Amino acid sequence: MKQTKKPRIAVWKFASCDGCQLSLLDCEDELLDIVGAVEIAYFPEASRAFGKGPYDISLVEGSITTPHDAERIHQVRRLSKVLITIGACATAGGIQALRNFAEVEKYIPMVYASPQYIETLKKSTPINEHVFVDFELRGCPINKYQLLEVFNAYLNGRKPNVPPHSVCLECKLNGNACVMVAHGTPCLGPVTQAGCGALCPAYNRGCYGCFGPKETPNPTAMGEWLSQMGMSEEDIVRSFRTFNAYAEAFRRESETLEYR
Amino acid sequence: MNTSQRIKQKGRSDTLKVDYLARVEGEGSLFVKIKDNRVVDAKFKIFEPPRFFEAFLRGRNYYEAPDITARICGICPIAYQMSSAQAMENAFGVKVEGPLRELRRLIYCGEWIQSHALHVYMLHAPDFLGYESVIHMAKDYGEVVKQALQLKKIGNELMQLVGGRDIHPINVAVGGFYYIPPRERFLAMADKLKWARDAAVEMVKLTAGFKFPDLEREYEFVALHHPAEYAIAEGRLVSTSGLDIDINEYENYFEEVHVEHSNALQSVMKGRGAYKVGPLARYNLNFKQLPPSCKRLAKELGFLPPVKNPFKSIVVRSLETLFACEEALRIIGNLELPEAPRVELRVRAGTGYGCTEAPRGICWHKYTVDEKGIIRFARIVPPTSQNQKTMEEDLREYVQKHLDLPKERLTWECEQALRNYDPCISCATHFLKLEIEWE
Ligand code: SF4
Ligand code: SF4
Ligand code: SF4
């Protein structure tokens, strides 16, 4: 973005846990530099000053779950030159998309005593089902270094370097012992996008897929593998249905298994 | 808006409204209605969309609960992980003790440090110093903000060490952990924590010097109490009016009621009304168990309990940050690594309860699981929904007392009064009834 004025940034929240926008405040060492380089024009979680649009970059956290939010996201798009979605809620519908596999009408009375006041959509959907998205950053939560990379790339008019390969490759790069091979622990690493630094295998547990499907994954082969390791079909369905349950590849596999 | 506009005029009616309450985690708005110089309505509305955690937990494996419930709130995931793990352990009849219990306390200290540092400096201090945000504040208080960021970072590092990462840690399991990091990594935290302890002392001194809006109320404070320690992840539920119950009796004493003025369901104590959880409650109930450094400093600065002014919670949060640094240092100083990363569990059908002290107050969980360990029922009561009624009462009383302030000033102070609670709205909404009024 070539301009003399500081680029103006906005941070928006839809249905989410705030964890992804917190990643921005978690850039403790970089925050003051970021604040020096850009104007944080709209970031309600951090400031009571609301700067009016348009904005050069909008970061969007959360999924669309209410009729009002389905309209609000269009306003955000209109106000933003570049719109970047951050986290599994915004890129895949998040954990709240588990409702997409059930009847939300049945969910409401399980949680709320006065269901007549609840206004909600049947599905929790990612932002890109509603508006054009310039870049999607994965993870539940996102990795703050990847966030800084995306930020830098857009500020300098280049393409972000966010590799689409699997967690397995990160495991190899780190020299982790494979938990599947070494301990027979089920691991979604082969179908999950890198970005976390292969955190779970380093802590002796299998990846549970919080970064969502990698580019061209093979979830069917993954499912067969898990089944050979003794996992029940229900558990395989559950493992594809977590924070990225509604992401295309994971959704298709869990539905195929369920309806088989 | 005319800033010198006064609300107090004969027969004047007015409304104070903040449509998007900033610097809280989540989305909320507040609404106060004044008629003939009397506050007739005070509402703290939450318009965060519902996410239905209790519903979709049904049908999941018991061991998934810590990972799933963490996603209720990115600021206090450990509270959800610990309460849910404890509830499952309770259902299976096991207790996590010894070195594993200490490591759980250690990661919880990390969460208290990062969450308190975030709230005190970045979300609440700007109110007291008259800035729109920490970013605006940084221009004049550069060194303070740098120190704040470092302190927060050390809390995060503690969570990363024990939990793998600071937002939604991956290492918390029912029964303990998946992996115990090597001793050196714990020892490497000691020097940082010593720095953090000194920084926390400065944090207490800084906040103790703020000017506190005048409001004192007779709250019923509710917190966990443990005979041997300042309670974090285990204890009985006690109150300043003599409540003393096991956490599994919670539902006999607390309920949700429909309150006409707000149309919202709010937690109250049966037959007693609103109550208050969080730092002030813990401090007033468990002060004796704080380390000498906290007690000394509190005495020196004139903050001995009972502290009943909600605006002073910022000082108590700072004192608790100091406590958490001391406690983390104690744990690392006596470090014993567990033999196994987690205790063995025998899955059986049953109901279990968990309750721990989130930075904002008690986070209560109840689950029923079947003989295969599949969750059949879940109920989660987060801290903010328990404080909601008290928050509205604070607002009502505060506005009534300060009707002569300029409208803009009073509106800001109302926001500040709600930020006293560090309201974590993402947490509260999956439980609260929403009243959505879109303009
Ligand atoms: S993606 Fe995960 S961490 Fe990010 S907002 Fe959603 S639930 Fe929170
Ligand atoms: S541990 Fe998991 S992510 Fe790592 S190499 Fe093995 S399968 Fe892949
Ligand atoms: S290993 Fe998998 S589940 Fe664990 S943090 Fe990385 S992507 Fe998420």
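Nothing here was measured: the structure is a model prediction, and the numbers come from that model.

Calculation criteria
Residues numbered from 1 in each chain as written. Chains lettered and ligands numbered in written order. Predicted model: local features only at pLDDT ≥ 70, side-chain atom pairs only at ≥ 80, totals over all residues. Heavy atoms only, no water. Helix = DSSP H or I, 4+ residues; strand = E, 2+ residues; numbered from the N terminus. Rg over C-alpha atoms; globule rule 2.2 N^0.38 Å. Buried < 20%, exposed > 50% of the residue type's maximum accessible area, 1.4 Å probe, protein only. Areas by Shrake-Rupley, 256 points an atom, 1.4 Å probe, with all protein chains shown as cover. Lys, Arg positive; Asp, Glu negative; His and termini not counted. Charge placed at Lys NZ, Arg CZ, Asp CG, Glu CD. Near = heavy atom within 4 Å. Nonpolar A, V, L, I, M, F, W, Y, C, P; charged D, E, K, R; others polar. Domains from an automatic or database assignment. Contact = heavy atoms within 4.5 Å. Buried area = accessible area lost by both parts, 1.4 Å probe. Salt bridge = Lys/Arg side-chain N within 4 Å of Asp/Glu carboxyl O. Polar contact = N/O pair within 3.5 Å; in protein donor to acceptor, adjacent residues only side chain to side chain. Core = buried A, V, L, I, M, F, W, Y, C linked by side-chain atoms within 4.5 Å. pLDDT = per-residue confidence, 0-100. Arc of directions from axis to C-beta. Expected span 1.5 Å × (residues − 1). Pairing = 2+ DSSP bridges. Axes fitted to C-alpha atoms, helices over the stretch in contact; angles between N-to-C directions.

Caption draft 1: Representation of the overall build of chain A within the structure. Helices and strands together make up the secondary structure of chain A, namely 12 helices and five strands. Radius of gyration (C-alpha) of chain A: 19 Å, near the 18 Å computed for a compact globule of 260 residues. Its C-alpha atoms give chain A principal-axis dimensions of about 60 × 50 × 25 Å. Out of the 260 residues belonging to chain A, those deemed buried represent 61%. Split by element, the accessible area of chain A, about 10,700 Å² in all, is 52% carbon and sulfur. Averaging the coordinates of the 27 positive side-chain charges in chain A and doing the same for the 29 negative ones gives two points 5 Å apart.

Caption draft 2: Layout of the site of ligand 3. Every residue lining ligand 3 is accounted for by Thr192(A), Cys196(A), Leu199(A), Cys200(A), Pro201(A), Cys207(A), Tyr208(A), Gly209(A), Cys210(A), Phe211(A) and Arg165(B). Neighbouring residues of ligand 3 are distributed over chains A and B. Residue composition of the shell around ligand 3, grouped by class: eight nonpolar, two polar and one charged.

Caption draft 3: Spotlight on the domain arrangement of chain A. Residue and element names in this part refer to chain A. On domain assignment, one finds that chain A holds domain 1 (8-155) and domain 2 (167-259). Spacing between the C-alpha centres of domain 1 and domain 2 amounts to 25 Å. Taken residue by residue, the interface counts 20 residues in domain 1 and 18 residues in domain 2. With both chains or domains summed, domain 1 and domain 2 bury close to 1,400 Å², and 59% of this area falls on carbon and sulfur atoms. Run the count over domain 1 and domain 2 and you get zero salt bridges. Taken together, the links from domain 1 to domain 2 amount to four residue pairs in polar contact (both at pLDDT 80 or more).

Caption draft 4: Seen up close, the site of ligand 1. Around ligand 1 sit 14 residues in total, of which Cys17(A), Cys20(A), Ala88(A), Cys89(A) and Cys140(A) are the nearest. At ligand 1, the nearby residues belong to more than one chain, namely chains A and B. Its residues placed into classes, the shell around ligand 1 shows six nonpolar, five polar and three charged.

Caption draft 5: Local environment of the nonpolar core. If you look at the biggest cluster of nonpolar residues, it comprises 165 residues, and the most contacted ones within it are Leu59(A), Ile84(A), Met88(B), Leu106(B), Leu193(B) and Tyr283(B). With 16 residues, helix H4 (residues 98-129) of chain B is the largest single contributor of residues to this core. Beyond its immediate chain neighbours, meaning those up to four positions away, Leu193(B) contacts Ile113(B), Ile154(B), Leu158(B), Cys325(B), Ala328(B), Leu329(B) and Ile332(B). Judged by nonpolar contacts, the second largest core, of 18 residues, contains Leu188(A), Met222(A), Leu226(A) and Ala249(A).

Caption draft 6: Representation of the confidence of the model for chain A. For chain A, the average pLDDT comes to 91, and 93% of its residues sit at 70 or higher. Highest mean pLDDT in chain A belongs to helix H4 (residues 88-92) of chain A (98); lowest belongs to helix H5 (residues 104-111) of chain A (76).

Caption draft 7: Summary view of helix H11 (residues 292-301) of chain B. Residues and elements named next belong to chain B. For H11, the complete set of buried residues consists of Ser293, Cys294, Leu297 and Ala298. The arc that holds the buried residues of H11, viewed along the axis, is 130 degrees, so those residues lie on one side. Exposed and facing more than 90 degrees away from the buried side of H11 are Pro292, Arg296, Lys299 and Glu300. Packing partners of the buried residues in H11 comprise helix H8 (189-208), helix H10 (279-286) and helix H12 (313-333).

Caption draft 8: Looking closely at the side chain of Asn143(A). Here Asn143(A) lies in the loop between strand E5 (135-137) and helix H6 (144-155). A polar contact is formed between the side chain of Asn143(A) and the backbone nitrogen of Tyr145(A), at a distance of 2.7 Å.

Caption draft 9: Looking closely at the pattern of salt bridges. Residues and elements named next belong to chain A. Counting across every chain of the model gives 44 salt bridges over all chains. In this structure, Glu258 engages Arg241 in a salt bridge whose closest nitrogen and oxygen atoms are separated by 3.1 Å. Here the residue Glu258 occupies a position in helix H12 (residues 248-259), and Arg241 occupies one in the loop between helix H11 (233-240) and H12, the gap between them amounting to 17 residues. Classification of Glu258 as partly exposed rests on a relative accessible area of 40%.

Caption draft 10: Representation of H12(B). In a regular helix each residue adds 1.5 Å, so 21 residues correspond to 30 Å; H12(B) covers 30 Å between its end C-alpha atoms and thus fits that length. Most of H12(B) is tucked away, with 19 of its 21 residues classed as buried.

Caption draft 11: Representation of the side chain of Asn286(B) within the structure. Residue and element names in this part refer to chain B. Within the fold, Asn286 resides in helix H10. Among the polar contacts listed, one links the side chain of Asn286 to the backbone oxygen of Leu224, at a separation of 2.8 Å. Those residues in contact with Asn286 that lie beyond four places of it in its chain are Leu224, His225, Tyr230 and Ala231.

Caption draft 12: Spatial organisation of the sheet that holds strand E12 (residues 361-369) of chain B. All names here are of chain B. Judged by pairing direction, the sheet is antiparallel, and its three strands sit side by side in the order E11-E12-E13 without closing on themselves. This sheet does not close on itself; its edge strands, each paired only once, are strand E11 (350-358) and strand E13 (375-381). Sheet twist, expressed as the mean angle between neighbouring strand axes with direction ignored, is 15 degrees. In terms of strand pairing, E11 meets E12 through nine bridges, oriented antiparallel. Counted as the bridge partner of Cys355 is Trp364 from E12.

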